[in-house]
Amino acid sequence: MSLWVFTAQPRVRALSRLQIVQKHLMSTNANLEKEVHLVKSGCAGIIILNRPKTLNSLNLSMIRQIYPKLKEWEQDNETSLVLIKGAGEKAFCAGGDIRAVTEAGKVGDRLAEDFFREEYILNNAIGNCRIPYVALIDGITMGGGVGLSVHGHFRVATEKTLFAMPETGIGLFPDVGGGFFLPRLKGKLGLYLALTGFRIKGRDVHQAGIATHFVTSEKIPDLERDLVSLKSPSKEDVAELLNSYHFKCKSDDKFVLAEHMDKINRLFKTNSVEEILQNLKQDASPFALQLLETLKKMSPTSMKITFQQLEEGATKNLSEVLVMEYRLSQACMRGHDFYEGVRAVLVDKDQSPKWKPATLEEVTEEYLTSCFKPLGNKELKL
């Protein structure tokens, strides 16, 4: 009897552990399936970012599901357009899963390389998509969410859209092709947004040139229905439909930064970040002084990287920009400020990062040059 109990008990425990492992695997697989839905409806392949509790933040497994499906739809004669949207009421996509990347970077895990590499490959695929690509940016659209939308043919903003590239505040830089689209906004608006992380809302996202169309949120389900009902649409057909919705929602509202654009264009037209700060001090208007206080909180290293990123990106195509930005991402992974910024803003939330170096003057040209250097066999290949 005792022998039976002795031999039977481990077998029961082993079976129990096996069941636990299987249950965990099933749960993990279910979560993988649920965090992004990839479905066909009418003429459209639809991508639904489905992590509403994390504001649809983008992780590596989502990227690995979206990319092959996007390439498949491009080649599929039955699919004439791609539609991407976020689940829930709050966000399209609030950014990449920064916490996971931070933890990986601290211990030298491959995720810190793989996430940026595969995210940028996806951004490039979106920018070169052969069929119309429509992003419904109905809600928070920041960082990685910008990369999933801004390079596509069409971006539809609503009154709920909140756009920002706040990376200089966490020791990073406005990546996902920010070096491509930001310098191409009117005047110095792109540089202003990149350095300050300024948030643009609603119609202003369209007026800034980030969205191609504006449609009220309540009309989005109708728009989506009409898009998927199109028969083998060309880009022109999609544009015509989007225009019909957009013009019904026209408004005479002024751009939120309209009264400041002349000043932004003048104060940010410089050869360095140091000169921008100097210009703001000399201007001494309430707007300039408020800007000065904002920039003083940002990572000096990030601001210098960002300034050069946009300068170089202005003359590069999207693929060239993404190769450059991958180099910069890995420089940030090797540095100090990214980890400190994430700690201060997202983990401890004390909003008091201790940047190293602490001043712009201490960020040397030698260091900047090293950030932009090719990575040899680790270079991003597109």
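Reading guide: rules and limits
Residues numbered from 1 in each chain as written. Predicted model: local features only at pLDDT ≥ 70, side-chain atom pairs only at ≥ 80, totals over all residues. Heavy atoms only, no water. Buried < 20%, exposed > 50% of the residue type's maximum accessible area, 1.4 Å probe, protein only. Helix = DSSP H or I, 4+ residues; strand = E, 2+ residues; numbered from the N terminus. Arc of directions from axis to C-beta. Pairing = 2+ DSSP bridges. Right-handed = clockwise from strand over helix to strand, strands pointing away. Phe/Tyr/Trp six-rings, centres within 6.5 Å; stacked < 30°, edge-to-face > 60°. Lys NZ or Arg CZ within 6 Å of the ring centre and 35° of its normal. Contact = heavy atoms within 4.5 Å. Axes fitted to C-alpha atoms, helices over the stretch in contact; angles between N-to-C directions. pLDDT = per-residue confidence, 0-100. Parallel < 35°, antiparallel > 145°, perpendicular 65-115°, else oblique. Nonpolar A, V, L, I, M, F, W, Y, C, P; charged D, E, K, R; others polar. Salt bridge = Lys/Arg side-chain N within 4 Å of Asp/Glu carboxyl O.

K.L.:
It is not clear to me how helix α9 (residues 220-228) should be interpreted in this structure. Could you clarify?
P.N.:
What sets the pattern is the α-helix's 3.6 residues per turn: residues three or four places apart point alike. Taken as a whole, α9 has its buried residues at Ile220, Leu223, Glu224, Leu227 and Val228. In a view along the axis of α9, the buried residues occupy a sector of 125°, so they form one face of it.

K.L.:
Got a minute to help me understand the pairing of strand β3 (residues 81-86) in this structure?
P.N.:
Judged from the six bridges that link them, strand β2 (residues 44-49) and β3 form a sheet pairing that is parallel. Bridge pairing links Gly45 to Val82 in β3. Where the polypeptide runs from β2 across helix α2 (residues 60-75) and back to β3, its parallel neighbour, the crossover connection is right-handed. Sheet topology note: the β3/strand β5 (residues 133-137) ladder contains three bridges and is parallel. Bridging from a neighbouring strand, Leu83 pairs with Val134 of β5.

K.L.:
Can you walk me through the packing of aromatic side chains in this structure?
P.N.:
Both the distance between ring centres and the angle between the ring planes are used here to describe each pair of aromatic rings. Taken as a whole, this structure holds seven aromatic pairs when the rule is applied. Here Tyr120 and Tyr326 contribute two aromatic rings whose centre-to-centre distance is 6.4 Å and whose plane-to-plane angle is 90°, an arrangement assigned as edge-to-face. Within this pair, whereas Tyr120 is found in helix α4 (residues 111-127), its partner Tyr326 is found in helix α15 (residues 318-334), the two being separated by 206 residues in sequence. With a centroid separation of 5.6 Å and an interplanar angle of 50°, the aromatic rings of Tyr192 and Phe198 are classed as tilted. Pairwise contacts between aromatic rings join Phe115, Phe116, Tyr120 and Tyr326 into one cluster. Between the NZ or CZ atom of Lys186 and the centre of the ring of Phe255, over which it lies, the distance is 4.7 Å.

K.L.:
What exactly am I supposed to notice about the sheet that holds strand β7 (residues 154-157) here?
P.N.:
Pairing between the strands of a sheet is mediated by backbone hydrogen bonds and can be parallel or antiparallel. The six strands lie next to each other as β1-β2-β3-β5-β7-β10, forming an open sheet whose pairing is mixed. Looking along the sheet, the strands with just one partner apiece sit at the ends: β1 (36-41) and β10 (213-214). The sheet contacts of α9 involve β1, β2, β3, β5 and β7, and relative to β3 the element is tilted by about 160°.

K.L.:
I'm lost on the sheet that holds strand β4 (residues 91-93) in this one. Help?
P.N.:
Reading across from one edge, β4-β6-β8-β9 is the order of the four strands in this open sheet, with mixed pairing throughout. Looking at the sheet topology across the chains shown, the edges are occupied by β4 and β9 (200-201). Pairing between strand β8 (residues 162-164) and β9: two bridges, direction antiparallel. Bridge pairing in β9 links Leu162 to Lys201.

K.L.:
Looking at this model, I keep getting lost on the confidence of the model for the protein. Mind explaining?
P.N.:
Any region with low pLDDT has predicted coordinates that should not be read closely. Counting all residues, the mean pLDDT for the protein is 92, and 91% of those residues have values of 70 or more. For residues 1-31, every residue scores under 50 in pLDDT, and the model assigns this stretch one contact once sequence neighbours within four places are set aside.

K.L.:
I tried to follow the packing of helix α3 (residues 98-107) against α4 on my own but got confused; where do I start?
P.N.:
Between two packed helices, both the angle of their axes relative to each other and the distance between the axes serve to describe the pair. In the contact formed by α3 and α4, the axes pass within 8 Å of each other and the chain directions differ by 135°. Considered as vectors, α3 and α4 are oriented oblique to each other. Contacts from Ala100, Val101, Ala104 and Gly105 of α3 reach α4 at Leu111, Ala112, Phe115 and Phe116. Here the contact of α3 with α4 is built from residues that sort into seven nonpolar, one polar and no charged.

K.L.:
Mind showing me how you'd approach the pattern of salt bridges here?
P.N.:
Opposite charge on two side chains lets them pair, provided their charged atoms get close. Scanning all chains against the criterion turns up 21 salt bridges. Between Lys40 and Asp76 there is a salt bridge whose closest N-O contact spans 4.0 Å. Pair noted here: Lys40 is in strand β1 and Asp76 is in the loop between α2 and β3, with a separation of 36 residues, a long-range link. For Asp76, a relative accessible area of 25% corresponds to the partly exposed category. The residue Arg266 makes a salt bridge to Asp283 at a minimum N-O spacing of 3.3 Å. Pair noted here: Arg266 is in helix α11 (residues 261-267) and Asp283 is in helix α12 (residues 273-283), with a separation of 17 residues, a long-range link. Each member of the salt-bridge network shares a partner with another, and the members are Arg64, Arg110, Asp114 and Glu118.

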